[in-house]
Amino acid sequence: MKKITITLFLLLPFFIFSQEKVGKVAKDVQSEKSRIGIFKPFDIFKSGFESARNNYSDETKGGIVVTFDKAGVASIYSENPKQMELNIPLKENGETISLDLLQVDIFGPNFKAITSDGKDITNEMDRGKHFRGTVTGNSKSLVSISVFKNEIVGFISNEEGSFTIGKLKDSNTKHIINKDSNLRTTQEFICETQDDGEGYTAEQLNYDNSRRAPGDAVGVYVEAGQSVYNSFGSNMLLTTNFLNGLFGQSYLIYANEGITMYTSSMFIWTTPDPYTFSGSSAQLDAFQSQTGAFQGDIGHLVEYRSGGSGGIAAGFNGICNPNTDLSLCYTRLGQNTVINVPTYSREMKVITHEMGHLLGSRHTHACVWNGDNTQIDNYGNYSPGPTFISNSEGANCVDQTNPKLNVTPTIMSYYDSRGFGGFPMSNGFGTQPGNVIRNTISNAVCLNCTGPTITCPADVALECGDDKTPANTGMATTINGCGNVSVVFSDVNTLGNCPGNYTINRTWTATDEVGNQVQCVQTITVTDTTPPVAPVPPADLNVQCATDVPSPVDLTATDKCDGDITVSPSAVITPGSCDNQFTMVRTWTFVDTCGNQSSVSQTINVNDTTPPVLIIPKDEIAECDKVPTVGQATATDNCDGSISTTYLGERREDGDCINNYTLYRTWTAKDICGNTTTLTQTITVQDTTAPTVTGIINNTFDMGCNIDQSTLPDPQSHIDNGDITGKDNCEGDVTIKLD
């Protein structure tokens, strides 16, 4: 936990005082008016008002509706007054009041606001202008006014009660000024903080200013569940206005007791949170499980839940507790039928009450007060009637003959919780609880600041591509320090023998709010022993020809480290038996600036297994006298290289006669890798032409009945004498027969 010390100007010392005391805020206002005179007037609402009963009678029995004065608020932002006077209407009867206000800062010097989705909204939110003071001329009153660019959040507390000032949820400009007792609904308040039965000593119950004024401030880590964000329509501006205005009002109550509190950091759930329980105790358990170290002295979770208000604190020892789980509290903001009308002062009371436990105060009806372990009041031990509650927290020490139900109710009482009514928040904590809290702050060792002590993370050795941010190399840690401690680092690099080898001397500097500063040095040794990340090479290939081998591609490697990467392509060929048969291994070698290298390879297998394409004369059917001569054959190949074409000769296969036969003519082609193709031409030879006869004499004889045939010529003699001959187009004899 960060230790925080902020010096406060206390105008008057604190002694044991009664409930009629003049509070610290009124004294500050009186002192400032004595110094400068009348405060400059400003406006936050336009003139005129209307009754809240006109449109909100189902939610409130009274109150007035006023209109936000944008120009007047702009003047407050531009002039940024340290003091101001406001004149505002208060009641339906036209009564107005004047307020004397001093501007205060409710944020720590290193305030941060973060959302659950990782967004830093510190510089985006409207921090507002926050004022606290009194009704003019009424030192028993208390006023808190938070001025934002689009709304006002505030309350006024005097002898009549508490008045809430806030924007109506159904309007962008309309605000209500409403007495809490006007609300038609009441909220039950249940505090689940259990009393430990440990009575206070006289020293704790009396505040002795001679020891030391409670000049140290308490930083509050505020965490708001998603229900708060959702209740404002997921509008971050309205959500932060609500939180800042609400806690600003609570800080006013403490300021009036002489105790300074401020918001040291804020976390808002804009995504589903782990706080899903209905009971306050279970919610606190979840908050403790969820929360580790935080920026602040105490932590406060707020959530909206159905039903009444309530809460729980982890105990009565929240300040300087080494177990930060015991520095946490939870407030349940009750949801009821009041939809449009704000109820800030009710919610502020619960928030103030739970933080009061962390600062040491028990309930006023517990058996721990007065130096004799009796109660201050019995509002928590009775219900209206009055009816004694036998199982209540302080039942064991109740004197039923003196029920103590006429005591002024205060923040740590159950007056409103048991239904006795409301009371002005200006009543504060009362004497004894206030003294307990003041003593807690005065005696808090962690708030008595010492300079910070810093511890560096261990020296580390990294590869140059590793994350060198503190997220990976470690953060320096600090203890002690006056206020919030800021930790920064600066790096000095010393180069080695190559760009990827170097040393980082990281100097961590811790500075607290009063300027105490310490340093330590972390050494980060960076080396580059990791080769470049080579790309995926082209796929291995199997091709037929040398000409099918693709051209090499350009490859690029990546490296985790800075510097150029050199690529060296190479190829190794293992020859085969011919020009189109070999193996090529292509290798790309990548070398970074520190000499680390990697490589990838591609294997290309070239193997011509495809025979040439042989073209020979086509098959024919020929007459025996027209047999073609041997033709020419040609050949082509898929790969480059010479092709040898050879005629292997002719084979004859006889048929049924000498002139009917088949000729087979064969050629072969071979490429340079020995792939061959052999084809045969088939010529079918046939004799289908009849022979011709020559020398036949055509004579006509009168072959009458008495002719002597012996006188006729003998045809055979013509054949025998060769007068008649036969001739054929094919080889072979022609036989002439006489029929």
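What you see is a predicted model, and the numbers here were worked out from it, not measured in a lab. (Residues numbered from 1 in each chain as written. Predicted model: local features only at pLDDT ≥ 70, side-chain atom pairs only at ≥ 80, totals over all residues. Heavy atoms only, no water.)

A. Region of interest: the overall build of the protein chain. Of the regular secondary structure elements, the protein chain holds eleven helices and 37 strands. Relative to the compact-globule value of 27 Å for 739 residues, the protein chain shows a C-alpha radius of gyration of 55 Å, a clear excess of over 25%. The dimensions of the protein chain, computed from C-alpha atoms along their principal axes, are 190 × 80 × 55 Å. Within the protein chain, the fraction of its 739 residues that count as buried is 49%. Accessible surface computed for the protein chain: about 34000 Å², of which carbon and sulfur atoms make up 49%. Distance from the positive charge centre (48 side chains) to the negative charge centre (83 side chains) of the protein chain: 20 Å. (Helix = DSSP H or I, 4+ residues; strand = E, 2+ residues; numbered from the N terminus. Rg over C-alpha atoms; globule rule 2.2 N^0.38 Å. Buried < 20%, exposed > 50% of the residue type's maximum accessible area, 1.4 Å probe, protein only. Areas by Shrake-Rupley, 256 points an atom, 1.4 Å probe, with all protein chains shown as cover. Lys, Arg positive; Asp, Glu negative; His and termini not counted. Charge placed at Lys NZ, Arg CZ, Asp CG, Glu CD.)

B. Up close: helix H9 (residues 431–442). Taking 1.5 Å of rise per residue, the twelve residues of H9 would be expected to cover 16 Å, and the 16 Å separating its terminal C-alpha atoms lies within 8% of that figure. Buried within H9 we find Thr 431, Gln 432, Pro 433, Gly 434, Asn 435, Val 436, Ile 437, Arg 438, Asn 439, Ile 441 and Ser 442. (Expected span 1.5 Å × (residues − 1).)

C. Spotlight on the nonpolar core. Met 261 and Met 355 are the most contacted members of the largest nonpolar core, which totals 58 residues. Broken down by element, the residue count for this core peaks at eleven residues, all from helix H6 (residues 236–256). Those residues in contact with Met 261 that sit more than four places away from it in its chain are Val 218, Val 220, Tyr 251, Tyr 254, Ile 298, Met 355 and Leu 359. Counting 28 residues, the second largest nonpolar core, distinct from the first, contains Phe 42, Ile 44, Leu 86 and Val 153. (Core = buried A, V, L, I, M, F, W, Y, C linked by side-chain atoms within 4.5 Å. Contact = heavy atoms within 4.5 Å.)

D. View of the side chain of Asp 608. Mapped onto the elements of the fold, Asp 608 is located in the loop between strand E29 (597–607) and strand E30 (613–615). Here Asp 608 sits buried without a salt bridge, and the closest side chain of opposite charge, Lys 670, lies 13 Å off (N-O distance). Apart from the residues lying within four places of it in its own chain, the contact partners of Asp 608 are Gln 544, Asn 580, Asp 637, Asn 638, Cys 639, Asp 671, Cys 673 and Asn 675. (Salt bridge = Lys/Arg side-chain N within 4 Å of Asp/Glu carboxyl O.)

E. Summary view of the confidence of the model for the protein chain. Summary statistics for the protein chain give a mean pLDDT of 88 and a share of 90% for residues scoring 70 or more. Considering each helix and strand of the protein chain separately, the mean pLDDT is smallest for helix H11 (residues 715–721), with a value of 71, and largest for strand E28 (residues 581–591), with 97. Within the model, pLDDT remains below 50 along residues 1–20, and this stretch shows 76 contacts once partners closer than five positions in the same chain are excluded. The low-confidence segment residues 210–215 (pLDDT under 50) makes 21 contacts with residues lying over four places distant or belonging to another chain. (pLDDT = per-residue confidence, 0-100.)

F. Structural detail: the pattern of salt bridges. In total, this model carries 18 salt bridges according to the counting rule given. We note a salt bridge from Asp 100 to Lys 33, for which the minimum N-O separation is 3.0 Å. Taken together, the residues Asp 100 in strand E5 (residues 96–104) and Lys 33 in helix H1 (residues 24–36) connect sequence positions 67 residues apart. Taking the shortest distance from any N to any O, the salt bridge between Lys 40 and Glu 79 comes out at 2.6 Å.

G. Spotlight on the pairing of strand E35 (residues 676–686). Examined bridge by bridge, strand E31 (residues 620–623) and E35 share four bridges and lie parallel to one another. Along E35, the bridge assignment pairs Ile 621 with Thr 684. As paired strands, strand E34 (residues 660–670) and E35 are joined by ten bridges and run antiparallel to one another. Across the sheet, the residue bridging to Tyr 661 is Val 685, located in E35. Here E34 hands over to E35 after five residues, with Gly 674 in that stretch at a positive phi of 85°. (Pairing = 2+ DSSP bridges.)

H. Molecular detail of the packing of aromatic side chains. If you walk through the whole model with that rule in mind, you get 17 aromatic pairs. Considering the side-chain rings of Phe 107 and Phe 111, the 4.7 Å spacing of their centres and the 55° angle between planes classify their relative orientation as tilted. Of the two residues, Phe 107 and Phe 111, neither departs from the other in class, the shared state being buried. Judged by centre distance (4.9 Å) and plane angle (50°), the ring pair of Tyr 254 and Phe 429 falls under tilted. Highlighted residues: Tyr 254 in helix H6 and Phe 429 in the loop between strand E19 (387–388) and H9, separated in sequence by 175 residues. Comparing Tyr 254 with Phe 429, the two get one shared label, buried. Ring-pair connections join several aromatic residues into one group, and the members of that group are Phe 267, Trp 269, Tyr 275 and Phe 287. Across from the ring centre of Tyr 207, 5.9 Å away, lies the NZ or CZ of Arg 438, which sits over that ring. (Phe/Tyr/Trp six-rings, centres within 6.5 Å; stacked < 30°, edge-to-face > 60°. Lys NZ or Arg CZ within 6 Å of the ring centre and 35° of its normal.)

I. Just the sheet that holds strand E33 (residues 644–657), in detail. Spatial strand order, E31-E35-E34-E33: four strands in an open sheet with mixed pairing. For this open sheet the edge positions go to E31 and E33, each flanked by a neighbour on one side alone. Shown here is a sheet whose adjacent strand axes are inclined to one another by a mean of 20°, direction ignored. Here E33 runs beside E34; their pairing, made up of eleven bridges, is antiparallel. Following the sheet pairing, Gly 649 is matched in E34 by Thr 666. (Axes fitted to C-alpha atoms, helices over the stretch in contact; angles between N-to-C directions.)

J. Inspection of the sheet that holds strand E25 (residues 517–527) at higher detail. Taken in spatial order, the four strands of this open sheet run E21-E25-E24-E23, and their pairing is mixed. Lying at the two open borders of the sheet, with one neighbouring strand each, are strand E21 (460–463) and strand E23 (486–495). In this sheet, neighbouring strand axes are inclined to one another by 25° on average, regardless of whether the strands run parallel or antiparallel. As defined by bridge partners, strand E24 (residues 502–511) adjoins E25 across ten bridges and the pair is classed as antiparallel. Considered in E25, the bridge of Ile 504 is made with Ile 524.

K. Representation of the state of the cysteines in the model. Tallied over the full model, the rule gives seven disulfides. Bridging Cys 456 to Cys 520, the disulfide has an S-S length of 2.1 Å. One quick way to see it: the torsion about the S-S bond of Cys 456 and Cys 520 is about 95°, and its sign makes the bridge right-handed. With Cys 456 in the loop between strand E20 (453–455) and E21 and Cys 520 in strand E25, this pair connects stretches of sequence that are 64 residues apart. (Disulfide = S-S within 2.5 Å.)

L. The arrangement of the pairing of E28 in detail. One ladder, built from eleven bridges, connects strand E27 (residues 566–578) with E28; its direction is antiparallel. Bridge pairing in E28 places Val 572 opposite Val 585. The hairpin formed by E27 and E28 contains two residues between the paired strands. The hairpin turn running from E28 into E29, its antiparallel successor, is five residues long, and Gly 595 in that turn takes a positive phi close to 85°.

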